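# A look at the structure
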Amino acid sequence: MERSLSSSSEEREKTVEAFGWAARNSSGHLSPFVFPRRETGAEEVRVKVLYCGICHSDLHCLKNEWHSSIYPLVPGHEIVGEVSEKGSKVSKFNLGDRVGVGCIVDSCRACESCRDDQENYCAKAVATYNGVHHDGTINYGGYSDHIVVDERYAVKIPHTLPLASAAPLLCAGISVYSPMKYFGLAGPDKHIGIVGLGGLGHIGVRFAKAFGTRVTVVSSTPGKCKDALETLGADGFLVSTDEDQMKAAMGTMDGIIDTVSASHSILPLIGLLKSNGKLVLLGANEKPFDLSAFSLIIGRKSVAGSGIGGMKETQEMIDFAAEHGVKAETEIISMDYVNTAMDRLAKGDVRYRFVIDIANTLASTRS
């Protein structure tokens, strides 16, 4: 069900005007939008947005495909920029610091997940957009000129990491990095599969190679083979619809990171796993999978899910990416191209992540 919320007049009196692009309904069409941001709190920073990546979940939310969209909706949770204002109690950042804001901007800070630095799994985690702040106001995302966030939920971006290619790491990057580390799939003694060579998959290949892991891309698109092997450095490529290739690779992988959100069968993927192998699902596929118990019992295999990472691990991921030169392949676009970009994204026509040049193109769209 589509929902609409509005701030009270008292709350609006304590706000700062912001400008971005929003969808007003489930058509998903984005257009210029003026809206309020709260004043910077004592433990918060105001971030001047310079770039914002476009995640496939932005498209889902714009069109209310998960039946939870709050309109008007300003997407964007792959945000990089500079600190333009800081609260009196902020100690982590200084004015002008390069910062990133990912998928969450708050959590309860008291539950077991929060205590274990896994705020992403907190039952009360607050989404960067299409969520409600604890003061009752709507959260708007990074398709905008600035954002306010508690310093705990922002990360430092090293100067060695280009901002535009760092932006997708705040969702796509941590989404692949976290399960590789948690499930013990990072290291030279491991062989993993990356299913899907898109926004998440291509970064997954680069992190795997940075870990020294042997990695094979599994894709339904034979035309991506050259890019996977020559550009991204994958060790192998399997066409998922080629039964002979898939049969020859059975039982060869320690783990598989499945990034595909479209409906697909996972039984052939389970067949690629060695005994004790793990298939980790990252794509939010709405349709249930057909899963045979015997496919798991024989070989003690497992199927798991993973969603982004906590703030400590996200900073660790960014620092690792900067040290090892891991970055996203991006297509930089202007703000007024965003609706065309969404149409292309729906067709898979991007290599491999759209990033909006907010700093240089947003202001000119304001009438």
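Residues numbered from 1 in each chain as written. Predicted model: local features only at pLDDT ≥ 70, side-chain atom pairs only at ≥ 80, totals over all residues. Heavy atoms only, no water.

## Some thoughts on the domain arrangement of the chain
Many structure descriptions define interface size as the accessible area lost when the parts assemble. Here the domain parsing of the chain yields domain 1 (15-171 + 328-365) and domain 2 (172-305). Using only C-alpha atoms to locate each centre, domain 1 and domain 2 end up separated by 28 Å. In this assembly, 12 residues from domain 1 lie in contact with 16 residues from domain 2. Roughly 1200 Å² of surface becomes buried between domain 1 and domain 2 when both sides are summed, with 48% attributable to carbon and sulfur atoms. Linking domain 1 to domain 2 there are 2 salt bridges. Our count for the contact surface shared by domain 1 and domain 2 stands at 11 residue pairs in polar contact (both at pLDDT 80 or more). (Domains from an automatic or database assignment. Contact = heavy atoms within 4.5 Å. Buried area = accessible area lost by both parts, 1.4 Å probe. Salt bridge = Lys/Arg side-chain N within 4 Å of Asp/Glu carboxyl O. Polar contact = N/O pair within 3.5 Å; in protein donor to acceptor, adjacent residues only side chain to side chain.)

## What about the sheet that holds strand β16 (residues 273-281)?
Taken together, 6 strands build an open sheet; the order of strands is β14-β13-β12-β15-β16-β17 and the sheet is parallel. Strands at the two margins of the open sheet, each flanked by one partner only, are β14 (236-239) and β17 (302-305). For this sheet, the mean inter-axis angle between neighbouring strands, taken without regard to orientation, is 20°. Bridge count between β16 and β17: 4 bridges; the pairing is parallel. Note on β17: the bridge partner recorded for Leu279 is Val303. Contacts between helix α5 (residues 172-182) and the sheet are confined to β12 (191-195), β15 (253-258) and β16, with β15 contributing the most and set at about 155° to the helix. (Pairing = 2+ DSSP bridges. Helix = DSSP H or I, 4+ residues; strand = E, 2+ residues; numbered from the N terminus. Axes fitted to C-alpha atoms, helices over the stretch in contact; angles between N-to-C directions.)

## Things to note about the packing of α5 against helix α11 (residues 311-324)
Where α5 meets α11, the axes come as close as 10 Å, and the angle between the chain directions of the two elements is 100°. With respect to α11, the axis of α5 lies roughly perpendicular. Of the residues in α11, those touching α5 at Gly173, Ile174, Tyr177, Ser178 and Lys181 are Glu313, Thr314, Glu316, Met317 and Phe320. A per-class count over the contact of α5 with α11 returns 4 nonpolar, 3 polar and 3 charged. (Parallel < 35°, antiparallel > 145°, perpendicular 65-115°, else oblique. Nonpolar A, V, L, I, M, F, W, Y, C, P; charged D, E, K, R; others polar.)

## Description of the nonpolar core
Core analysis: the biggest nonpolar cluster contains 100 residues, and Ile54, Tyr143, Met180, Phe207, Val338 and Met342 have the highest contact counts within it. Three or more residues apiece are contributed to this core by two domains, here domain 1 (15-171 + 328-365) and domain 2 (172-305). Ignoring sequence-local partners within four residues, the contact set of Ile54 consists of Glu78, Tyr143, Ile333, Val338, Ala341, Met342, Leu345, Arg353, Phe354 and Ile356. Of all hydrophobic cores here, the second largest spans 15 residues; its members include Val195, Met253, Ile256 and Ile270. (Core = buried A, V, L, I, M, F, W, Y, C linked by side-chain atoms within 4.5 Å. Buried < 20%, exposed > 50% of the residue type's maximum accessible area, 1.4 Å probe, protein only.)

## Here we look at the confidence of the model for the chain
Mean pLDDT over the chain stands at 95; residues scoring 70 or higher make up 96%. In the model, residues 1-12 has pLDDT below 50 throughout and makes 24 contacts with residues more than four positions away in sequence or in other chains. (pLDDT = per-residue confidence, 0-100.)

## Things to note about the UniProt feature "domain: Enoyl reductase (ER)" (unreviewed entry) in the chain
According to UniProt, the "domain: Enoyl reductase (ER)" (unreviewed entry) feature falls on residues 28-356. Along residues 28-356 the backbone is 26% helical and 27% strand, and the end-to-end C-alpha distance reaches 17 Å. (UniProt positions renumbered as here; feature names shortened; annotations may be inferred.)

## Digging into the environment of Ala363
Looking at the element boundaries, Ala363 is found in the segment after α13 (358-361). When its relative accessible area of 61% is taken as the criterion, Ala363 is described as exposed. Placed 331 residues apart in sequence, Ala363 and Pro32 show a C-alpha to C-alpha distance of 9.9 Å.

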